[in-house]
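# Remarks on the overall topology
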Amino acid sequence: LFRSIPANQNYYLFELTSTHLLIDGMPQGDEAFARYSKIFKEQTGKEVALGDTYQFTMKRRQFVNKELLDGSRVKDNN
């Protein structure tokens, strides 16, 4: 049974299949798909099989805007 990794604002969620790449649920272009497919193959020695989905997280390292309860915004380095 396939279960999705829970969303976390401190991490990016990557989902890689044989046909597409999603980051935080947003479809990525062909260039990003090709790049991460290549990285996957280099790291594992295999290509993503048809019907398989690989999920992994990566810590967010750049400034992220976070909205506070009162509507003001701050920059956070998480």
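An account of the accompanying structure is given in this report. (Residues numbered from 1 in each chain as written. Predicted model: local features only at pLDDT ≥ 70, side-chain atom pairs only at ≥ 80, totals over all residues. Heavy atoms only, no water.)

Take the overall build of the protein chain next. Scanning the protein chain from terminus to terminus reveals one helix and six strands. Across the 78 residues in the protein chain, those meeting the buried criterion constitute 21%. The long-range share in the protein chain, meaning contacts at least 24 apart out of those at least 6 apart in sequence, stands at 45%. Counting every atom, the protein chain has about 6,200 Å² of accessible surface; 53% of that belongs to carbon and sulfur. (Helix = DSSP H or I, 4+ residues; strand = E, 2+ residues; numbered from the N terminus. Buried < 20%, exposed > 50% of the residue type's maximum accessible area, 1.4 Å probe, protein only. Contact = heavy atoms within 4.5 Å. Areas by Shrake-Rupley, 256 points an atom, 1.4 Å probe, with all protein chains shown as cover.)

What follows is about helix 1 (residues 30-44). Helix length check: helix 1, at 15 residues, gives a terminal C-alpha distance of 21 Å against a target of 21 Å (1.5 Å per residue), a fit within 8%. Turning to helix 1, its buried residues number three or more, namely Phe 33, Tyr 36 and Phe 40. Relative to the axis of helix 1, the buried residues are bounded by an arc of 80 degrees and lie together on one face. Of the exposed residues in helix 1, the ones pointing more than 90 degrees away from its buried face are Asp 30, Glu 31, Arg 35, Lys 38 and Glu 42. Buried residues belonging to helix 1 abut strand 1 (11-17), strand 2 (21-23) and strand 4 (53-59). Gly 45, located one to two residues past helix 1, shows a positive phi value of around 80 degrees. (Expected span 1.5 Å × (residues − 1). Arc of directions from axis to C-beta.)

The next subject is the sheet that holds strand 2. On the basis of which strands lie adjacent, the open sheet formed by four strands has the order 3-2-1-4 and antiparallel pairing. Taken across any chain shown, the strands that pair with only one partner, and hence form the sheet edges, are strand 3 (26-27) and strand 4. The sheet contact formed by strand 1 and strand 2 spans three bridges and is antiparallel. Across the sheet, the residue bridging to Phe 14 is Ile 23, located in strand 2. Along the sheet, helix 1 makes contact with strand 1, strand 2 and strand 4, crossing strand 1 at roughly 85 degrees. (Pairing = 2+ DSSP bridges. Axes fitted to C-alpha atoms, helices over the stretch in contact; angles between N-to-C directions.)

Turning our attention to the packing of aromatic side chains. On inspection of all chains with the given rule, the structure shows three aromatic pairs. Ring centres of Phe 14 and Tyr 36 lie 5.2 Å apart, and the angle between their planes is 45 degrees; this geometry places the pair in the tilted category. In this pair, Phe 14 sits in strand 1 while Tyr 36 sits in helix 1, placing the two residues 22 residues apart along the sequence. In terms of burial, Phe 14 and Tyr 36 fall into one category: buried. Note on Phe 40 and Tyr 54: the rings are 4.6 Å apart at their centroids and 45 degrees apart in plane angle, and the pair reads as tilted. You can see Phe 40 sitting in helix 1 and its partner Tyr 54 sitting in strand 4, a full 14 residues away along the chain. Judged by relative accessible area, which is 13%, Phe 40 ranks as buried. (Phe/Tyr/Trp six-rings, centres within 6.5 Å; stacked < 30°, edge-to-face > 60°.)

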